[in-house]
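Here are the chains, one letter per residue:
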Amino acid sequence: MRRATVLFAVCLLFLAGCGKDKADDAVKAGATSSTSETTGTTLAGETVTTTGGDATGVAAGTATTAKGATAATTKGGTSGGGGAVTPGARLDPAKPGTYTYTVTGKRSSPAFGEQPMNGDSQLKVDGASGRDQHSLESSGQGSTEQVARYGDDGVRLVSLRTSQAGFTKEFKPASPVQILPWPVKDGQTWSWKITSTDGATTVTSSFTLVGHETLTIGTEKVDTLVIDATVQTSGDITSTSTQKIWASPAYRLVVQDQGTTDGSFGGTKFHSEISRKLKSTKPA
């Protein structure tokens, strides 16, 4: 099942196609090494691609911004930290609590047929620890947890662990990779590559900010960034996912996403089509 956690979490859609029998034979995470590889501007020992504007790289621990970029703003709502997002302001961690998503879709494979993927998922967001924030999203299909780091240059992924029906993969990049550059402007792109701790799976992701849209979440109008994403995996799992993500800078949450994945795991081909929408911006 597809899961997107706090602001622009990595959506590993390929897991939606892994059947239980194959998953029980999968390699458990927790071995050997992890890597982080991208191209472009160097920041804190990591290379990040940002296009759609000239980029300026600065020393480790300080911000990287695009020259002439205009920060995305929100017309309504408040930030997770309790204040509205202002142009150029650093994003703060999301408001702690439990959020609920409505999930619809299906997955299919020759070995297991077609299965509906309908129901709810629960996203539990912990309080921030410094600039880091842990979150866990779970449903009847499995769980995904991550640690995101909020800095002057945006939001970065520190670690990711995803489990489904006995199948577990963990990612701990040597240097946190960019979930969202900030400020960000229309047409800007960014990308990165990470490898699982067991060395068996590599994920290559690319993102483009394609525009802005106001969505109705519950009874509230929420301004969002619209992001197109492509996620490819290689190694023991091969897949290609195309995704569209609607994310709220004010709430630091993905409020809606949808995607399609085709791939192969253990010799079994799979296909999935999954959509999610946040029920309310107010956590339980």
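### Quick look at the nonpolar core
1) Next: Grouped together as the largest cluster of nonpolar side chains are 25 residues, with contacts concentrated most on Leu180, Val184, Trp190, Ile194 and Ile227.
2) Next: With 4 residues, strand β16 (residues 220–235) is the largest single contributor of residues to this core.
3) Next: Grouped together as the second largest cluster of nonpolar side chains are 15 residues, Tyr99, Tyr101, Ile217 and Val226 included.

### Thoughts on the pairing of β16
1) Next: Two strands pair when backbone bridges link them, and strand β15 (residues 201–217) and β16 are joined in this way by 16 bridges, in the antiparallel orientation. When the sheet's bridge partners are listed, Ser206 is paired in β16 with Thr230.
2) Next: Connecting the antiparallel pair β15 and β16 is a turn made up of 2 residues, with Gly218 showing a positive phi of about 65°.
3) Next: The pairing of β16 with strand β17 (residues 237–248) spans 9 bridges and is antiparallel. Counted as the bridge partner of Ile227 is Ile245 from β17.
4) Next: Where β16 folds back onto β17 in an antiparallel hairpin, the turn is made up of 1 residue.

### Quick notes on the environment of Thr201
1) Next: Within the element layout of this structure, Thr201 appears in strand β15.
2) Next: Residues Thr201 and Phe171, spaced 30 residues apart in sequence, show a C-alpha to C-alpha distance of 9.3 Å.
3) Next: In terms of polar contacts, Thr201 uses its side chain to reach the side chain of Asp236, at 2.4 Å.

### Notes on the packing of aromatic side chains
1) Next: Enumeration over the complete set of coordinates arrives at 2 aromatic pairs.
2) Next: An angle of 15° between the planes, with centres 5.7 Å apart, marks the rings of Trp190 and Phe207 as stacked. Here Trp190, found in strand β14 (residues 189–195), pairs with Phe207, found in strand β15; they are 17 residues apart in sequence, far enough to count as distant. Phe207 matches Trp190 in its accessibility class, with the two residues each being buried.
3) Next: Residues Trp192 and Phe207 carry aromatic rings whose centres are separated by 6.0 Å and whose planes lie at 40° to one another, so their mutual orientation is tilted. With a gap of 15 residues between them, Trp192 in strand β14 and Phe207 in strand β15 connect regions that are remote in the sequence.

Each value, and the rule that gives it
Residues numbered from 1 in each chain as written. Predicted model: local features only at pLDDT ≥ 70, side-chain atom pairs only at ≥ 80, totals over all residues. Heavy atoms only, no water. Core = buried A, V, L, I, M, F, W, Y, C linked by side-chain atoms within 4.5 Å. Buried < 20%, exposed > 50% of the residue type's maximum accessible area, 1.4 Å probe, protein only. Helix = DSSP H or I, 4+ residues; strand = E, 2+ residues; numbered from the N terminus. Pairing = 2+ DSSP bridges. Polar contact = N/O pair within 3.5 Å; in protein donor to acceptor, adjacent residues only side chain to side chain. Phe/Tyr/Trp six-rings, centres within 6.5 Å; stacked < 30°, edge-to-face > 60°.

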